[in-house]
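These are the residues of each chain, in order.
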Amino acid sequence: LLLMAAAAWAGERPRAVAPGGQPRPSVVLVTCDSLDGRLTFYPGNQTVDLPFINFMKRYGTVFLNAYTNSPICCPSRAAMWSGLFTHLTESWNNFKGLDPGYVTWMDLMEKHGYHTQKFGKLDYTSGHHSVSNRVEAWTRDVDFLLRQEGRPMVKLTGDKTHVRVMEADWRNTDKAVDWIKEEAINLTQPFVLYLGLNLPHPYPSPYAGENFGSSTFLTSPYWLEKVTYEAIKIPKWSSFSEMHPVDYYSSYTKNCTGEFTKQEVRNIRAFYYAMCAETDAMLGEVISALRDTALLKKTIVIFTADHGELAMEHRQFYKMSMYEGSSHVPLLVMGPGIKEQQQVPNVVSLVDIYPTMLDIARIPVTQNLSGHSLMPLLWGKAENRASPRGPRPSWVLSEFHGCNVNSSTYMLRTGKWKYITYSDGRSVLPQLFDLSDDPDELTNVAIKFPVIVHSLDKILRSIVNYPKVSSSVQEYNKKQFMIWKQSLGQNYSNVIANLRWHQDWLKQPKKYENAIDKWL
């Protein structure tokens, strides 16, 4: 399939120029969940075979510094679908996203003549995810420490012929492929197709009780063979005494403070990479369907993710962190007018998807968006094309206000620096990493470079009044918890004891209830 797609693409490649008066291209956006963006370029791409991501690199553009605007599912997707930073839409956690009926870029494209279709995971509106997930976010300021996840583990299923491990994702991929072959091929108007995948998000962990989250890295021997074990890097961990206090809270609530052998860590990372390989294959099905229908040469294909996966870096799995494994996302684009074999070093983020989609569809971009169109960078003409909204900023913003982290967190990424600050900017120590010298983010140099910290903090405060936002989130959390508690009446004690933290809570239920009462 890969060779046939490459041959079709090479046979009639579009010129790498802005699309002037030509017909508007169709667009396919494939968004997966939890894929570490560093796997799409060297040296991360040495660990696993991702042929269709490599195909997009060969015939398109890869962004080397693309970031989520909030490293958790719903708030990240809310930013991507709205084009606005998290604090502007108040998408505070997995339960609080966009309001129903919010006008997305897809709504505008449909209004301006595009045929639209969506399959798979969306997850950008309010009201979803588990009760545990929202209660953990609301109570993160409470003075207690509870394990909220099952211990991360691996599970092998099937044999070397077992390809379709994540069946729900494959069914949605099949729907997208069938739609391309049966519907898109007959359209007389351009289309925009969205496919949302759940992989490579870890699977649920029923062994730890039905209320525990997703801490199982599951794959088959077929996909595990795509992983180069000897290339897997075992991450270095700080001692507990050296860990940043917020990191320790995250590691503990994610059930990662126990003993892990190097083999356990290596397996978790290997199985995760294998899950990424299965994700890549689904992307390949969509690309191949476009090739089979002769739509590939007139369709812009975009591949990205809502956030990354730590896979035991910094003694954590999951996301919810500003470290690279969690916040760095893949972003690859190919299609008419897109420069080939281009690696873009500029920092970009998911809020840029909204204005990019409007730019592709030639819809005027509104002034109030947080993002900037990627099209000048994709054309390779970033310096020559003036934007009516002014130049693209040299920074990106990410923020986090949800579960497994006991403080609102803000990241400013610019140049070689990553600046992370918390809460009101005073009560929790900030972090500063020089990614050119310390790509693994093991050495916080905030104390060493106070002038840099002051400068970056000043830029951050010009973008967002983060102490005020942090205070608003604290008020929201307490208010939402009180409403929820009152709705339960006499069932409150039983319900709260049996959420995902039940294994710890049930040992001393009165202690934890008292801690909440004190907080309230």
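All of these numbers come straight from a predicted model, not from anything done at the bench. (Residues numbered from 1 in each chain as written. Predicted model: local features only at pLDDT ≥ 70, side-chain atom pairs only at ≥ 80, totals over all residues. Heavy atoms only, no water.)

J.: Describe in detail helix α15 (residues 466–488), supporting the description with residues and values.
T.: With 23 residues, α15 extends 33 Å between its outermost C-alpha atoms, agreeing within 8% with the 33 Å of an ideal straight helix rising 1.5 Å per residue. Those residues of α15 that sit buried are Y466, V469, S470, V473, Y476, N477, F481, W484 and L488. Positive backbone phi, at 60°, marks G489, one or two positions downstream of α15. (Helix = DSSP H or I, 4+ residues; strand = E, 2+ residues; numbered from the N terminus. Expected span 1.5 Å × (residues − 1). Buried < 20%, exposed > 50% of the residue type's maximum accessible area, 1.4 Å probe, protein only.)

J.: Which residues make up the sheet that holds strand β10 (residues 395–400), and what are the values?
T.: Here four strands make up an open sheet; going across it, the order is β10-β11-β12-β13 and the pairing antiparallel. The sheet is open, and its two edges are formed by β10 and β13 (431–434), each paired on a single side. Averaged over neighbouring strand pairs, the angle between their axes works out to 15° when direction is ignored. Pairing of strand β12 (residues 417–422) with β13, which is carried by four bridges, proceeds in the antiparallel orientation. Pairing of I420 across the sheet is with Q431, part of β13. (Pairing = 2+ DSSP bridges. Axes fitted to C-alpha atoms, helices over the stretch in contact; angles between N-to-C directions.)

J.: I'd like a rundown of the confidence of the model for the chain, residues and numbers included.
T.: With 93% of its residues at a pLDDT of 70 or more, the chain shows a mean pLDDT of 92. Below pLDDT 50 for its whole length, residues 12–19 participates in 19 contacts with residues either more than four positions away or in separate chains. (pLDDT = per-residue confidence, 0-100. Contact = heavy atoms within 4.5 Å.)

J.: Lay out empty space enclosed by the protein with the relevant residues and their values.
T.: Under the counting rule described, the total for this entry stands at two cavities of 30 Å³ or more. Within this model, the largest cavity holds a volume of roughly 100 Å³. If you go around the largest cavity, you meet 13 residues; those closest to its centre are D247, M320, S321, M322 and Y422. Counting only elements with at least two residues in the lining of the largest cavity, the list comes to α9 (245–253) and β12. Here the element with the most residues in the lining of the largest cavity is α9; it accounts for three residues. Here the lining of the largest cavity is built from residues that sort into seven nonpolar, five polar and one charged. Approximately 70 Å³ is the volume attributed to the second largest cavity. Around the second largest cavity sit F85, S349, V351, D352, S370, H372, R392, P393, W395 and V396, which together line it. (1 Å grid on protein atoms, 1.4 Å probe; cavity = no way out; pocket = protein on both sides within 12 Å on 5 of 7 lines; lining within 4 Å. Points joined across faces, edges and corners; volume = space filled by probe spheres on them. Nonpolar A, V, L, I, M, F, W, Y, C, P; charged D, E, K, R; others polar.)

J.: Requested: an account of the environment of K155, with residues and values cited.
T.: Residue placement: K155 occurs in strand β4 (residues 153–156). Once the C-alpha coordinates of K155 and E230 are considered, the two residues, 75 residues apart in sequence, prove to be 20 Å apart. Discounting residues that sit within four places of it in the chain, K155 has contacts with T216, F217, L218, T219 and F271.

J.: Summarise the packing of helix α2 (residues 51–58) against helix α10 (residues 262–292); cite the residues concerned and give the values.
T.: Orientation of α2 relative to α10, taken along the N-to-C sense of each, is 55°, at an axis distance of 7 Å. Between α2 and α10, the angle falls in the class oblique. Residues P51, F52, I53, F55 and M56 of α2 form the contact with α10, whose own contacting residues are D280, L283, G284, I287 and S288. For the contact of α2 with α10, the class distribution of residues is seven nonpolar, two polar and one charged. (Parallel < 35°, antiparallel > 145°, perpendicular 65-115°, else oblique.)

J.: Explain the pairing of strand β1 (residues 26–32) to me, and be specific about the residues and the numbers.
T.: Within β1, seven of the seven residues are buried, which leaves the element mostly enclosed by the surrounding structure. Residues S26, V28, V30 and C32 of β1 are buried on one face, and the alternating residues V27, L29 and T31, pointing to the opposite face, are buried as well. Note: β1 against strand β7 (residues 299–305), seven bridges, orientation parallel. If you follow C32 over to β7, its bridge partner there is A305.

J.: Tell me what's going on with the sheet that holds β1, and back it up with residues and numbers.
T.: Taking strand neighbours across the sheet as the criterion, the seven strands line up as β3-β5-β1-β7-β8-β2-β9 in an open arrangement whose pairing is mixed. What marks the edges here is a single partner per strand, and that holds for β3 (115–120) and β9 (342–349). With direction set aside, neighbouring strand axes in the sheet form an average angle of 15°. Most of the contacts of α2 go to strand β8 (residues 331–334), to which it runs at about 60°, and overall it touches β2 (60–67), β7 and β8. Across the face of the sheet, helix α7 (residues 167–182) comes into contact with β3 and β5 (191–196) while running at roughly 165° to β5.

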